[in-house]
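One letter stands for each residue in the lines below.
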Amino acid sequence: MITSELPVLQDSTNESGQADGVSLGSGELEDTGEIKGKRKRGRPGRPPTANKKPRKAPLEKAGAPRGRKANGVAQQNGEGDAVTLFEVVRLGKSAMQSVVDDWIESYKHDRDMALLDLINFFIQCSGCKGTVRIEMFRNMQNAEIIRKMTEEFDEDSGDYPLTMPGPQWKKFRYNFCEFIGVLIRQCQYSIIYDEYMMDTVISLLTGLSDSQVRAFRHTSTLAAMKLMTALVNVALNLSIHQDNTQRQYEAERNKIVGKRANEKLELLLQKRKELQENQDEIENMMNSIFKGIFVHRYRDAIAEIRAICIEEIGVWMKMYSDAFLNDSYLKYVGWTLHDRQGEVRLKCLKALQNLYTNRELFPKLELFTNRFKDRIVSMTLDKEYDVAVEAIRLVTLILQGSEDALSNEDCENVYHLVYSAHRPVAVAAGEFLHRKLFSRHDPQAEEALAKRRGRNSPNGNLVRMLVLFFLESELHEHAAYLVDSLWESSQELLKDWECMTELLLEEPVQGEEVLSDRQESALIELMVCTIRQAAEAHPPVGRGTGKRVLTAKERKTQIDDKNKLTEHFIMALPMLLSKYQADAEKVANLLQIPTFFDLDVYSAGRMEKHLDALLKQIKFVVEKHTETEVLEACSKTYSILCSEEYTIMNRVDIARSQLIDEMVDRFNHSVEDLLQEGEEADDDDIYNVLSTLKRLTAFHNAHDLTRWDLFGNCYRLLKTGIEQGTMPEQIVVQALQCSHYSILWQLVKITEGSPTKDDLIALRRVVKSFLAVCQQCLSNVNTPVKEQAFMLLCDLLMIFSHQLTTGSREALQPLVFNPDGQLQNELLSFVLDHVFIDQDEENQSMEGDEEDEANKIEALHKRRNLLAAFSKLIIYDIVDMPAAADIFKHYMKYYNDYGDIIKETLSKTRQTDKIQCAKTLILSLQQLFNELIQDQGPNLDRTSSHVSGIKELARRFALTFGLDQIKTREAVATLHKDGIEFAFKYQNPKGMEFPPPNLAFLEVLSEFSSKLLRQDKKTVHSYLEKFLTEQMMERREDVWLPLISYRNSLLTGGDEDRLSVTSGGGSSKAGSVRSKKGRPPLHKKRVDEESVEGSWLMRNDTIQTPGALQTPQLTSTVLRENPRQAAEQMPDQDSEPGSESDFVHNPQMQMSWLGQQKLEEVNRKDRTGMNYMKARSGGVRQTVRGLMEDDAEPIFEDVMMSSRGQLEDMNEEFEDTMVIDLPPSRNRRERAELRPDFFDSAAMIEDESGFTMPMF
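Residues numbered from 1 in each chain as written. Predicted model: local features only at pLDDT ≥ 70, side-chain atom pairs only at ≥ 80, totals over all residues. Heavy atoms only, no water.

*Asks:* Kindly report on the overall build of the protein chain, identifying the contributing residues and their values.
*Replies:* Scanning the protein chain for helices and strands turns up 53 helices and six strands. Residues counted as buried form 52% of the 1256 residues belonging to the protein chain. Sequence-distant contacts, at least 24 apart, represent 76% of the contacts inside the protein chain between residues at least 6 apart. In the form shown here, the protein chain has an accessible surface area of approximately 58800 Å², with 48% of it arising from carbon and sulfur atoms. (Helix = DSSP H or I, 4+ residues; strand = E, 2+ residues; numbered from the N terminus. Buried < 20%, exposed > 50% of the residue type's maximum accessible area, 1.4 Å probe, protein only. Contact = heavy atoms within 4.5 Å. Areas by Shrake-Rupley, 256 points an atom, 1.4 Å probe, with all protein chains shown as cover.)

*Asks:* Provide a residue-level description of helix α6 (residues 142-151), including the pertinent values.
*Replies:* For α6, the full list of buried residues reads Asn142, Ala143, Ile145, Ile146 and Met149. Taken around the axis of α6, the buried residues stretch over an arc of 160 degrees, which confines them to a single face. (Arc of directions from axis to C-beta.)

*Asks:* So what's going on with the packing of aromatic side chains? Which residues, and what values?
*Replies:* One pass over the structure, following the stated rule, counts 40 aromatic pairs. Connected via pairs of aromatic rings, a cluster forms that spans Phe290, Phe294, Tyr298, Trp316, Tyr320, Phe324, Tyr329, Tyr332 and Trp335. For Arg371, the ring lying beneath its charged end belongs to Phe372, and the centroid distance is 4.8 Å. Sitting over the face of the ring of Phe817, Arg764 holds its NZ or CZ atom 4.3 Å from the ring centroid. (Phe/Tyr/Trp six-rings, centres within 6.5 Å; stacked < 30°, edge-to-face > 60°. Lys NZ or Arg CZ within 6 Å of the ring centre and 35° of its normal.)

*Asks:* Could you give an account of the UniProt feature "coiled-coil region" (unreviewed entry) in the protein chain, naming the residues involved and the relevant values?
*Replies:* Per the UniProt annotation, the sites labelled "coiled-coil region" (unreviewed entry) are residues 258-288. Helix makes up 87% of residues 258-288 and strand 0%, whereas the separation of the span's terminal C-alpha atoms amounts to 48 Å. (UniProt positions renumbered as here; feature names shortened; annotations may be inferred.)

*Asks:* Tell me about the environment of Asn237, and name the residues and values.
*Replies:* Along the polypeptide, Asn237 turns up in helix α9 (residues 214-253). Measuring from C-alpha to C-alpha, the distance between Asn237 and Tyr320 comes to 9.8 Å, with 83 residues separating the pair along the chain.

*Asks:* So what about the confidence of the model for the protein chain? Which residues, and what values?
*Replies:* Averaged over all residues, the pLDDT of the protein chain equals 77, while 74% of them reach at least 70. With pLDDT under 50 throughout, residues 1054-1256 is counted as low confidence; its partners more than four residues away or in other chains account for 371 contacts. (pLDDT = per-residue confidence, 0-100.)

*Asks:* Which residues make up the nonpolar core, and what are the values?
*Replies:* By size, the foremost hydrophobic cluster in this structure holds 325 residues, and its most contacted members are Phe179, Leu736 and Phe870. It is α9 that provides the largest number of residues to this core, a total of 14 residues. Discounting residues that sit within four places of it in the chain, Phe179 has contacts with Leu85, Val89, Met96, Val99, Val100, Leu118 and Phe121. (Core = buried A, V, L, I, M, F, W, Y, C linked by side-chain atoms within 4.5 Å.)

*Asks:* Just give me the short version of unusual backbone geometry, but keep the residues and values in it.
*Replies:* It is generally the case that most residues other than glycine have a negative phi and that most peptide bonds are trans. We note that Asp709 has phi near 50 degrees; this positive angle belongs to a residue other than glycine. Along the chain, Asp709 falls in the loop between α31 (683-702) and α32 (710-724). Within the chain, Asp877 stands out as a residue other than glycine whose phi angle is a positive 60 degrees. In this structure, Asp877 sits in the loop between α38 (850-875) and α39 (885-888).

*Asks:* Talk me through the pattern of salt bridges; I want residue IDs and the actual numbers.
*Replies:* Overall, the coordinates contain 40 salt bridges when judged by the stated rule. Close ionic contact of Lys226 with Glu312 constitutes a salt bridge, the shortest N to O distance being 2.9 Å. Remark: Glu312 occurs in helix α11 (residues 303-319) and Lys226 occurs in helix α9; sequence separation between them is 86 residues. What emerges from the salt-bridge pattern is a single network uniting Asp210, Arg217, Arg297 and Asp300. (Salt bridge = Lys/Arg side-chain N within 4 Å of Asp/Glu carboxyl O.)

*Asks:* Mind laying out the side chain of Asp410, listing which residues take part and the relevant values?
*Replies:* Along the polypeptide, Asp410 turns up in helix α17 (residues 408-415). In this structure the side chain of Asp410 is engaged in a polar contact, spanning 3.0 Å, whose partner is the side chain of Ser407. Setting aside residues up to four positions removed in sequence, Asp410 forms contacts with Lys373, Asp374 and Val377. (Polar contact = N/O pair within 3.5 Å; in protein donor to acceptor, adjacent residues only side chain to side chain.)

*Asks:* Describe the packing of helix α15 (residues 362-378) against helix α16 (residues 385-401), with residues and values.
*Replies:* Two numbers describe how α15 lies on α16: the axes approach to 12 Å, and their chain directions differ by 140 degrees. Here α15 is positioned oblique relative to α16, judged by the angle of their axes. As α15 runs across α16, the sense of the crossing is left-handed. Where α15 abuts α16, its residues Phe362, Thr369, Ile376 and Val377 lie against Ala391, Leu394, Val395, Leu397, Ile398 and Gly401. Of the residues that constitute the contact of α15 with α16, the class distribution is eight nonpolar, two polar and no charged. (Axes fitted to C-alpha atoms, helices over the stretch in contact; angles between N-to-C directions. Parallel < 35°, antiparallel > 145°, perpendicular 65-115°, else oblique. Left-handed = near helix turned anticlockwise from the far one by under 90°. Nonpolar A, V, L, I, M, F, W, Y, C, P; charged D, E, K, R; others polar.)

*Asks:* Outline the environment of Lys919, listing residues and values.
*Replies:* With respect to the secondary-structure elements, Lys919 resides in helix α41 (residues 914-936). Separated by 38 residues in the primary sequence, Lys919 and Met881 place their C-alpha atoms 9.4 Å from one another.

Below, the structure written as structure tokens:
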């Protein structure tokens, strides 16, 4: 067993408390006896044994062997190949065995030069450019050498070999680890016992692992852990040899005296003693590494270093369980289960999995399991999916090893994960569920059950258990997820469809429990899900990123499963439908089964009689039910069976036509009766019309029924309902839907054939009349009718829009309908009245009512569909874009409900027309402002929440313009023009000395100033001046602050757009502050007050892009450059004198009002006002500039993110320097004065990762 004693490696503590390794100088290495005495802590020194090479003093060394370092400098052979250890290992061209053998030869020739080679190898592997020379090796302390190397580090890059990307460096890491392992393996019989090589290497790695430099710490920790692993393997071999020697010694000693070989006994005794000494040496080396490096680095600031330690201790415990698999070492893994970084937690779980896989180790893990089981179970809910998967697998291994180890509560915590949307987590939980519930059953009981039932159904009890589990989980709508979770572990059970149908069809024998109605429904739902999984061979919707390509083996399994289920259910399905035809839920599920059939089996297997039985049962179902779900399932089944590619199509088509004939005949008679009786119609007449119309509507969705002319009677019902107002709403809704399907099928016929002019005119007449009916229904008193009419109007306007003629279909131009202004207004009014509504306060106060919550979700889903339908009309330019202003203005208020829809609508409309979209945005803000004026009067409280809400909405709109100001410059300028005109649209009735009523809108408009280019700001400011009088420019009262603020936003920051474009500021608030950082001092005036240059946005001219508008630099260092230098590099666009004409007020110019002006010299009449503004803001500007020097990182955010949404506090990484709670003095004392009870239960670890775990 490894002792608790640490070999004394001479330390030197510097002022900072950093541990220095043992000195590499010659003076400390010559006295072998003294070193040995210290290493053994009280044990007397002993002379070197015969197999140990005596130490040489460094001064006795000969010259360095060829190809190695002379005086610590890398040499090359005549061929120019790199021969340093680092280069050889990095290139990986030589076998590691030969590399190590060469080093061993050089070590035998000159130990110090070979060790110097090895020391430089570790230094260079850390990415350090420095080299340890022979003088440093002889004369400097270990800590001084490391400090010297730290000074020679290349600080330009934070990368070093272990972190560099690319396959070459991944291979280097592998070679690095292999080199250390091979080195110890080749030296295990002699060199590692010479008390020189291992002392030097361990002391070097210990010193490096204490470095503040991450590269040194990371590389040396990896090297030390791999070194420890190699030593553990040596110790294990020594232990085996000791056991063998001891057995031989005992066997020889137990012989009778005459046959006993005393010489052999002495040799065995000497060998045993020598092995024990070697074992002690190895144990001391391992203790040096473990207590000098591991116990400090397993809680390092860097997660990757912690992960290395945990990964390797797992290897030690598995490799040499007799020595390491005890609570003294397991506690480190247990504590680290609480690590903040998922990478480290993952290594812990994998290390434990390797241990729990071996059943023989369970007794040693019992105490650990009891202590950390709760933590492991809780990790099944880890936020890192990879960690959660491995935690579930570990819990499954614990369950396999000991059924009593997990409580029922522990198991239930894992059970519900089979419904997880993340498939690997669900599959792992399914494996656990299979092990717990489905892998153990009584074979004798199952055999007896199979005999009683007359069929071989060994899975009967397991199927019942699965049904019970599904029902008890209370997540009935997720049967597909449960099946998918169990698919990989329980396929044999889930594909036993014979057993499932047997349980459903056969009557139970005496004494057998009968399936309840809920259990039968659950079993049918699960059975259908297993059929879908087998036939489609991919996870359900929501699990997985998409359909992957199946392998040949998976494809063959899919075909076999599909044939198997088809052959079985062709015969079983009619019987199941016959038994459950009265139950709508069961029938709707069962009718999904034919969609997964291989229909060729009907004709190939001569099973037409089973097809007739199925069609007969479906007809019974249609006549018996009026539920939409059941009727649509029947319609879909007929549609699949009528596919032209199958020979059974004619037989099915005849049956379908007979059924439709009967229903249409019944419908026509019932409509005539209803219309004749009028207001005197009774409930039977209404039911006959409604039930038949529901069936026909469901079939009309999937089948072309135009030859039965259902539109005529449906239109009669609708017109009568509109004229008399007595038609039941359900009949109106169904008639609208059926008429809609009829129109679509007529359109399909026309587009697929060669229509005549009369055909087009007839269809246009039908569509026009139906649109008029739908428009009239928008004013119906019944909400379902209005909603149905609205959705159909939106769909038909989309279908019969100008896009109908695209794709060489110009002949369909007569069918194009463009909604008039009245219809557009009615559609918009409907959206405002039925979509943007507040939740009923009474409903909101109801908590805990699941049904009420479900109704709320359903109502929200319906409103979202209404808004999406109208938004599509705006996006495809069917409804005028200004109508979107009423949608956009609700973005902030209804963000949680419709934010994604409004965001997408805004994005699509901008792609269609940037300028018109910008005018719509400013229009929406103007509408909100007008509403606020009407509510609060002209004297607005600029600090109120309502004004702040409008400004926040404007800020969000500004952020949607993105970072490319060149593309959006015209749109943004147009937006400012409209905003300025709105602000000065009305004069104050009190006189010119009073502010205009809409002047406060300029404060909202200033949110868009950051999106203007520098030259555009000057142009917009010039346009603003045209609305200002000299009195306005001189006013400084609070009521004029919006004007002052807006002018300030236009006049500040000559470099503002340069910075915003270069740094890519995503937030206008943050960006506007950051942009001031690069501004030159006030005394360094830019050309703001010079003349404005010539035309910059003429549509036919070439746009000259300023030189500063380059690819955004996403680093803070760019912003810290000298702004003067950056300004000099940017070409000056103010070089050409020009003039600026008046802005054109002609509406025809709205697409490019800036592009159609001739720039001329601007007569600046407000010099005084500008100087006042500059003097007022100058001090603030310099203050902000100073504060932002260290805060120049560009900010990026989701520009449409809710203002209430906050980024979660991510698990922050530790600082890049060592952070250990234990004080430095205690840290050093633990290295020099190792306590024997270091691993006692009193040892507590409380570090930055936030966990405090007492020992067992």
